[in-house]
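# An overview of the molecular structure
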Amino acid sequence: ASRENKSVLLIEPLGLVGGMMSGGLSFSDSNQMARESLGGIFEEIHLRIEKKYKDKGVKLPYDVSVKDNRKWMYEPHVAENVFVEMLDEAGITIVLNETLKSGRMNGTVINRIKMYSGKTFFGKTCIDATYEGDLLAAAGVSYRVGREGVKEFNEPLAGARYPKEKVN
């Protein structure tokens, strides 16, 4: 959003940004994907991680620009450093260690969130970037748990699961 000239405030309940990548995952989910489809900000993050290592003289066992099946691994603190740099470059304000308590809707838009610390944040819109949709639930947006049936929305593939192939 910031790259599209929007004002952005990022609120994070932990003391670091970057979610699972900087919080300890360090083994990318892209290891189970068709890498030819990767691009955009996801690839940019990995290219920057790769550059951090190259700048320190560390040769990684993979090349992000090569779309093969070699494992992409990195240290979480390197990913965190990349996220902080990207957020800073984009002019994004970061608020850490704030836990969501509630959200308020204005029509179909969430425009106010309250934290357990007592702080309240307002915006033209609040985007839920949580793993589980916590802000949507806190603002009273309806949701369901589980999959709908094929007949509910006339979707022939609804409820279908496609297991991943095993990774060697």
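Preceding this section is the structure that the text describes.
A brief structural summary. As the structure is a prediction and not an experimental result, all values here were calculated from the model.

Right, let's talk about helix α3 (residues 76-89) for a bit. Taking 1.5 Å per residue, 14 residues should reach 20 Å; α3 reaches 20 Å between its end C-alpha atoms and fits that length. Residues of α3 that are buried include every one of Val78, Ala79, Val82, Phe83, Met86 and Leu87, and no others. Of the surrounding secondary structure, the elements contacted by the buried residues of α3 are β1 (9-12), α1 (19-25), α2 (40-55) and β2 (93-96). Directly after α3, the chain includes glycine 91, whose backbone phi takes a positive value near 75°.

Viewed as axis vectors pointing N to C, α2 and α3 meet at an angle of 120°, and their least axial separation amounts to 9 Å. As summarised for this structure, α2 and α3 are arranged oblique, according to the angle between their axes. Judged by the twist between their axes, the crossing of α2 over α3 is right-handed. Packed against α2, whose contacting residues are Ile41, Glu44, Ile45, Arg48, Ile49, Lys52 and Tyr53, the element α3 presents Val78, Ala79, Asn81, Val82, Phe83, Glu85, Met86 and Glu89 at the interface.

To continue, consider the sheet that holds strand β5 (residues 120-122). As a general point, the strands of a sheet are linked pairwise by backbone hydrogen bonds and lie either parallel or antiparallel. Sheet architecture is open: three strands sit in the order β3-β4-β5, paired in antiparallel fashion. Edge positions in the sheet fall to β3 (100-106) and β5, since each of these pairs with one other strand and no more. On average, adjacent strands in this sheet sit at an angle of 25° to one another, irrespective of strand direction. Bridge analysis of strand β4 (residues 109-115) against β5 gives three bridges, and the strand direction is antiparallel. Directly across from arginine 112, in β5, lies its bridge partner phenylalanine 122.

The next thing to look at is the side chain of serine 22. For serine 22, the position within the fold is in helix α1. In this structure the side chain of serine 22 is engaged in a polar contact, spanning 2.4 Å, whose partner is the backbone oxygen of valine 17.

Turning to α2, a few remarks are in order. Since there are 3.6 residues in each turn of an α-helix, residues three or four apart along the chain are aligned in direction. With 16 residues, α2 should reach 22 Å at 1.5 Å per residue; the first-to-last C-alpha distance of 22 Å fits that figure. If you check which residues of α2 are buried, you get Glu43, Ile45, His46, Ile49, Glu50 and Tyr53. Viewed end-on, α2 has its buried residues packed into an arc of 155°, placing them on one side of the element. More than 90 degrees from the buried face of α2, the exposed residues found are Gly40, Lys54 and Asp55. Buried positions along α2 lie against α1 and α3. In the segment just after α2, glycine 57 is the residue with positive phi, at about 80°.

Turning to a nonpolar patch on the surface, a few remarks are in order. Residues Met20, Leu25, Phe27, Met73 and Tyr131 make up a contiguous nonpolar surface patch of about 490 Å² in total accessible area. Tracing the sequence through the fold places methionine 73 in the loop between α2 and α3.

Using the criterion set out here, one finds one aromatic pair in the structure. Centroid distance tyrosine 62 to tryptophan 72: 6.0 Å. Interplanar angle 25°. Geometry classified as stacked. Placement of the pair is tyrosine 62 in the loop between α2 and α3 and tryptophan 72 in the loop between α2 and α3, with a sequence separation of ten residues. The burial state of tyrosine 62 is the same as that of tryptophan 72; both residues are buried.

Basis of the calculations
Residues numbered from 1 in each chain as written. Predicted model: local features only at pLDDT ≥ 70, side-chain atom pairs only at ≥ 80, totals over all residues. Heavy atoms only, no water. Helix = DSSP H or I, 4+ residues; strand = E, 2+ residues; numbered from the N terminus. Expected span 1.5 Å × (residues − 1). Buried < 20%, exposed > 50% of the residue type's maximum accessible area, 1.4 Å probe, protein only. Contact = heavy atoms within 4.5 Å. Axes fitted to C-alpha atoms, helices over the stretch in contact; angles between N-to-C directions. Parallel < 35°, antiparallel > 145°, perpendicular 65-115°, else oblique. Left-handed = near helix turned anticlockwise from the far one by under 90°. Pairing = 2+ DSSP bridges. Polar contact = N/O pair within 3.5 Å; in protein donor to acceptor, adjacent residues only side chain to side chain. Arc of directions from axis to C-beta. Patch = residues over 30% accessible without salt bridge, like charges linked within 9 Å, V, L, I, M, F, W, Y side chains within 5 Å. Areas by Shrake-Rupley, 256 points an atom, 1.4 Å probe, with all protein chains shown as cover. Salt bridge = Lys/Arg side-chain N within 4 Å of Asp/Glu carboxyl O. Phe/Tyr/Trp six-rings, centres within 6.5 Å; stacked < 30°, edge-to-face > 60°.

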